Amino acid sequence: SPFDIWHIVFENRWLLGGILAVLSALLESVGLVLQKKAQYKLMGDNLHPNDPKPPRKQVIGTFLFWLGLCMYLAYSPINMLALKYAPETTVLPLNAIVIILNALLSFIVLYERFTRQDVAASLVCMAGALVMNTAMSQTIPGHLEDFPVEEVLRLSNDLLVNEGFAAYIIAWVALLAMCLYIMKFVSMQSVAKPFAVPLLVGLLRTLFHFMSKILVTLVARSTHVKVRNDPIMGKAGTFTTLLFILTVLAISEGVQQLPCRFFVPAMFVSCQVLT
């Protein structure tokens, strides 16, 4: 019966995390497509890639845009919840389903026509997603519950003086500056221009993903008095929220500038490489 199915799902934490990961990928894909659909409806049926895009204020005023935005906003909390129940080696490969969903929805809902390069790039991403799902961990999680409290606090408080993380941040800032420069000063005819926004999204999203894992780990151990009284909890929450807002703004910009058939796979590759 349906009740028995739900009972099995909630009893199996790894399975629950996997279902939440798939649900988050569905919300992300549909949310982005609906935002793009709002733009296309304003441009008319016989739109061309070089047609002038409607003003952002006009797009924001549509119901479809807000519906898509709300669905996308629901993606991150559900994905963070998935990380609580399942290890990242399960959640991350299942999130890659967004590539398959985007290819279908871009063709069926947005009527975007794929070039040979688009098809090849999407197939490569799909193949990567299938390999990731095949190779994903079968370990039933308990990783957050068993993670030592002292180790959580030490890792969180010493993050800025960690040599590996410092090197990552230096490279991150350099790539961020390059993206902003290309977006601001490079002409639309340049080959590098279309890749700047997906790379920017990848930079923001990977750092947000890293911080959200720390935040989820802290929340999972928040019943412990040491974690609850440590100021790192508030700092991690504030920084993660800021990264989330910046990521949403960057993704919204990418959806408005680029066709979904290109933007989503490019964003996916950027996130995986930087992760």
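Summary of the structure given here.

## Quick look at the overall build of the protein
A tally of helices and strands in the protein yields 14 helices and zero strands. Sequence-ordered secondary structure for the protein, helices as α and strands as β, is α-α-α-α-α-α-α-α-α-α-α-α-α-α. Evaluated residue by residue, the protein yields a buried proportion of 44% over its 275 residues. Partitioning the intrachain contacts of the protein with sequence separation of at least 6 by distance along the chain shows that 81% fall at a separation of at least 24.

## Remarks on the side chain of asparagine 102
Residue position: asparagine 102 is located in helix H6 (residues 97-108). With sequence-adjacent residues up to four places away left out, asparagine 102 is seen in contact with Ser29, Val33, Cys260, Arg261, Val264 and Pro265.

## Notes on unusual backbone geometry
Peptide bonds are, in most cases, trans, and in most cases residues other than glycine have a negative phi. Of note in this structure, tyrosine 111 is not a glycine but carries a positive phi near 60°. Here tyrosine 111 is to be found in the loop between H6 and helix H7 (116-134).

## Quick notes on the packing of helix H2 (residues 13-43) against helix H14 (residues 260-274)
Close contact between H2 and H14 brings their axes to 11 Å; oriented N to C, the two are set at 145°. Once H2 is placed against H14, the crossing between them reads as right-handed. Note on element contacts: H14 touches H2 through Cys260, Val264 and Met267, opposite Glu28, Leu32, Val33 and Lys36. Residues belonging to the contact of H2 with H14 are distributed by class as follows: five nonpolar, no polar and two charged.

## Topic: helix H11 (residues 193-220)
Note: α-helices contain 3.6 residues per turn, so residues at a spacing of three or four share the same orientation. An ideal rise of 1.5 Å per residue puts 40 Å on 28 residues; H11 measures up with 41 Å between its terminal C-alpha atoms. Among the 28 residues of H11, 21 are classified as buried, and the element is accordingly described as predominantly covered.

## Remarks on the nonpolar core
Of all hydrophobic cores here, the largest spans 48 residues; its most connected members are Leu32, Ile99, Val201, Ile251, Phe263 and Met267. The set of elements that each furnish at least two residues to this core consists of H2, helix H4 (63-85), H6, H7, helix H10 (163-185), H11, helix H13 (232-257) and H14. Per-element accounting of this core gives the leading share, twelve residues, to H11. What valine 201 contacts, discounting residues up to four positions off in sequence, is Ala250, Ile251, Phe263 and Met267. Among the nonpolar cores identified, the runner-up in size contains twelve residues, and Leu16, Leu83, Tyr85 and Val91 belong to it.

Criteria and cut-off values
Residues numbered from 1 in each chain as written. Predicted model: local features only at pLDDT ≥ 70, side-chain atom pairs only at ≥ 80, totals over all residues. Heavy atoms only, no water. Helix = DSSP H or I, 4+ residues; strand = E, 2+ residues; numbered from the N terminus. Buried < 20%, exposed > 50% of the residue type's maximum accessible area, 1.4 Å probe, protein only. Contact = heavy atoms within 4.5 Å. Axes fitted to C-alpha atoms, helices over the stretch in contact; angles between N-to-C directions. Left-handed = near helix turned anticlockwise from the far one by under 90°. Nonpolar A, V, L, I, M, F, W, Y, C, P; charged D, E, K, R; others polar. Expected span 1.5 Å × (residues − 1). Core = buried A, V, L, I, M, F, W, Y, C linked by side-chain atoms within 4.5 Å.

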